[in-house]
Amino acid sequence: MAAQKELTTTNPFNNWRTVIILTLTLGLAPFVPEPHFFGKIRWVLGGANGMQLIDWGDLLFHGLPWILLVRLSVISLRKKLVKAS
């Protein structure tokens, strides 16, 4: 149990505080006029016409914190479901 807790605290990708800070800063930057990530997602859903390699890299860069947040949420939910059963 101590090894598991140590692993969680040493790996920043398994730390809620780090992931939330990354999501609120990098995942939403720039904030005005809209978060960059949401604009890129709308662009992709609209067919991604005119997107270049740099735009895909930008989507990955701003989307990584969101992916980490979803990943950590799924891991936590699974742990709670396993404990409950």
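In the block above lies the structure referred to throughout.
Our subject in this report is the structure included herewith. Keep in mind that what you see is a predicted model, and the values were worked out from it rather than measured. (Residues numbered from 1 in each chain as written. Predicted model: local features only at pLDDT ≥ 70, side-chain atom pairs only at ≥ 80, totals over all residues. Heavy atoms only, no water.)

### Structural notes on the environment of I75
Step number 1: Topologically, I75 is positioned in helix α4 (residues 53–84).
Step number 2: Expressed as a C-alpha distance, the spacing of I75 and N14, which sit 61 residues apart in the sequence, is 9.2 Å. (Helix = DSSP H or I, 4+ residues; strand = E, 2+ residues; numbered from the N terminus.)

### Observations regarding the packing of helix α3 (residues 36–45) against α4
How two helices sit against one another is set out by the angle between their axes and by the gap between those axes.
Step number 1: Look at α3 against α4: their axes get within 9 Å of each other, and the N-to-C directions meet at 125°. Judged on the interaxial angle alone, α4 and α3 are oblique. Once α3 is placed against α4, the crossing between them reads as left-handed. Together, H36, F37, F38, K40, I41, W43 and V44 of α3 and D55, W56, D58, L59, H62, G63 and W66 of α4 make up the contact between the two elements.
Step number 2: Residues of the contact of α3 with α4, tallied by class, amount to 8 nonpolar, 3 polar and 3 charged. (Axes fitted to C-alpha atoms, helices over the stretch in contact; angles between N-to-C directions. Parallel < 35°, antiparallel > 145°, perpendicular 65-115°, else oblique. Left-handed = near helix turned anticlockwise from the far one by under 90°. Contact = heavy atoms within 4.5 Å. Nonpolar A, V, L, I, M, F, W, Y, C, P; charged D, E, K, R; others polar.)

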